[in-house]
Amino acid sequence: MQYWLVKSEPDAFGIDDLANMPDQTEHWDGVRNYQARNFMRDEMKCGDQVFFYHSNCKEPGIVGIVEVVREGYPDHTAFDPEGKYYDPKSDPDRPRWYMVDVKLVQRFRQTISLSSMKTRPELEGMRLLQKGNRLSVMPIAPEHWQVILDLYRENIG
DNA sequence: GCCAACGTTGGC
DNA sequence: GCCAACGTTGGC
């Protein structure tokens, strides 16, 4: 079992949007970065636990936990010429982009803010905290996962 | 809205 | 294969 983090802009698709989906499940489409693609196509497995991160918003941070419920398969939004994720270089015979399905596990009552994570020496070295980091799907070390959960429990008292 | 950091593209 | 130009990400 592995741990991950995925980013999304709440204006585009936030954790509340996931909560409102049928079965609280949705495919994680639109990722157009090879490293992130490889994680989804090759490494994310059913049952893996994933932090849901809100980026590009008032209070960036982790807002909940989701779980992988379907492993990597072609991202069909790349095939739709009308869609904003269209990529003419990807077609059903030779798909370039992949996605997984995720299901909501828990919505945090309080955001674990990026700034609060930055104050934690135990989280030093986390990819998320590195300057200029733009990867939208990334692995999380088990010890970091635990530290972050502890942070959450402290916060909600 | 600004801007630094990054990934991709394309000319050479 | 190099690298400048460009578009995008994302914190602030």
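Residues numbered from 1 in each chain as written. Chains lettered and ligands numbered in written order. Predicted model: local features only at pLDDT ≥ 70, side-chain atom pairs only at ≥ 80, totals over all residues. Heavy atoms only, no water.

Among the nonpolar cores identified, the biggest contains 44 residues, and Trp-28, Phe-51, Ile-62, Met-117 and Leu-128 are the most heavily contacted of them. At 6 residues, the largest contribution of residues to this core is made by helix α5 (residues 142-156). Leaving out residues up to four positions away in the same chain, Ile-62 has contacts with Leu-5, Phe-51, Phe-52, Tyr-53, Phe-108, Gln-110, Thr-111, Ile-112, Met-117 and Ile-148. (Core = buried A, V, L, I, M, F, W, Y, C linked by side-chain atoms within 4.5 Å. Buried < 20%, exposed > 50% of the residue type's maximum accessible area, 1.4 Å probe, protein only. Helix = DSSP H or I, 4+ residues; strand = E, 2+ residues; numbered from the N terminus. Contact = heavy atoms within 4.5 Å.)

The next subject is the pattern of salt bridges. On inspection of all chains with the given rule, the structure shows 7 salt bridges. Note that Arg-120 and Glu-122 form a salt bridge whose closest N and O atoms lie 3.5 Å from each other. (Salt bridge = Lys/Arg side-chain N within 4 Å of Asp/Glu carboxyl O.)

For α5, which comprises 15 residues, the first-to-last C-alpha distance of 21 Å matches the rise-based estimate of 21 Å (1.5 Å per residue) to within 8%. Every buried residue belonging to α5 is among His-144, Trp-145, Val-147, Ile-148, Leu-149, Leu-151 and Tyr-152, and all of these are buried. Those residues of α5 hidden inside the fold are in contact with β1 (3-8), β3 (49-54), β4 (61-74), β5 (98-113), α4 (114-118) and β6 (137-140). Two residues or fewer past α5, Gly-157 is found with a positive phi of approximately 60 degrees. (Expected span 1.5 Å × (residues − 1).)

Here the focus is the sheet that holds β6. Taken in spatial order, the 6 strands line up as β2-β5-β4-β3-β1-β6 in an open sheet, and their pairing is mixed. Single-partner strands in this sheet number two, and they are β2 (25-27) and β6. Within the sheet, the average angular offset between the axes of one strand and its neighbour, ignoring direction, is 35 degrees. Each of β1, β3, β4, β5 and β6 touches α5; the most contacted strand, β5, lies at about 40 degrees to it. (Pairing = 2+ DSSP bridges. Axes fitted to C-alpha atoms, helices over the stretch in contact; angles between N-to-C directions.)

Neighbouring DNA strand B are the residues Tyr-34, Lys-89, Lys-131, Gly-132 and Arg-134. Taken together, the sugar and phosphate atoms account for 61% of what DNA strand B places within 4 Å of the protein. In the environment of DNA strand B, a phosphate oxygen lies 3.1 Å from a nitrogen or oxygen atom belonging to the side chain of Lys-131. Per-class residue counts for the surface near DNA strand B are 1 nonpolar, 1 polar and 3 charged. (Near = heavy atom within 4 Å. Polar contact = N/O pair within 3.5 Å; in protein donor to acceptor, adjacent residues only side chain to side chain. Nonpolar A, V, L, I, M, F, W, Y, C, P; charged D, E, K, R; others polar.)

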